[in-house]
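Chain residues, written in single-letter form:
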Amino acid sequence: MSRAKNDEDSEKAKQVLKLVGERIRSLREAKGERNYEKFAFKHDLNRTQLWRYENGEDLYFSSLLKVLLALDITLAEFFSEGFDQSAKS
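Since this is a predicted model, take the numbers as computed values, not measurements.

Calculation notes
Note on numbering: residues in each chain are counted from 1, in written sequence order. Side-chain atom pairs in this predicted model are given and counted only at pLDDT of 80 or more, local residue features only at pLDDT of at least 70, and totals for whole chains, interfaces and linings cover all residues. To obtain the side-chain values, all non-hydrogen atoms of the structure were included, while hydrogens and water were left out. Note on conventions: DSSP H or I runs of at least 4 residues are helices, E runs of at least 2 residues are strands, and numbering of each starts at the N terminus. The criterion used for residue contact is that any of the two residues' heavy atoms lie within 4.5 Å. To be clear on the numbers: accessible area is Shrake-Rupley with a 1.4 Å probe, and residue cover counts the displayed protein chains and nothing else. Positive charges come from Lys and Arg, negative ones from Asp and Glu, while His and the chain ends are left out of the count. The atom standing in for a charge is NZ when the residue is Lys, CZ when it is Arg, CG when it is Asp and CD when it is Glu. For each residue, the accessible area found with a 1.4 Å probe, counting protein chains only, is set against the maximum for its type, and the residue is called buried under 20%, exposed over 50%, and partly exposed in between.

Could you clarify how one ought to interpret the overall build of the protein in this entry?
Along the protein, the regular secondary structure elements total five helices and zero strands. In terms of overall dimensions, the protein has a C-alpha envelope of 45 × 25 × 20 Å along the principal axes. Across the protein, contacts joining residues at least 24 apart in sequence account for 60% of those joining residues at least 6 apart. In the form shown here, the protein has an accessible surface area of approximately 6300 Å², with 50% of it arising from carbon and sulfur atoms. Distance between charge centroids for the protein: 3 Å, based on 16 positive and 16 negative side chains.

See below:
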């Protein structure tokens, strides 16, 4: 794989992670949880990690599942908005 292709793929991954973070934050706030630290404490999540996820940093799939469980949302529901073209663009 060429370096340019690698860079392009890396940038796409960053864009998707940013969308994931924005979606997590949006869902948390929609549930009336304005403070990420209080939400993390309430659901036994690491507050620093939650902050990183909401800001588009990489995360394990198992970590995403734990956050979605705290948000009471399925994977299908989570990815139902805003992700349809993000990996293809």
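Moving on from the model shown.
Explain the environment of Val 16 to me, please; I cannot follow it from the model alone.
Along the chain, Val 16 turns up in helix α1 (residues 3-30). By relative accessible area, Val 16 is classed as partly exposed at 23%. Measuring from C-alpha to C-alpha, the distance between Val 16 and Gly 82 comes to 9.6 Å, with 66 residues separating the pair along the chain.

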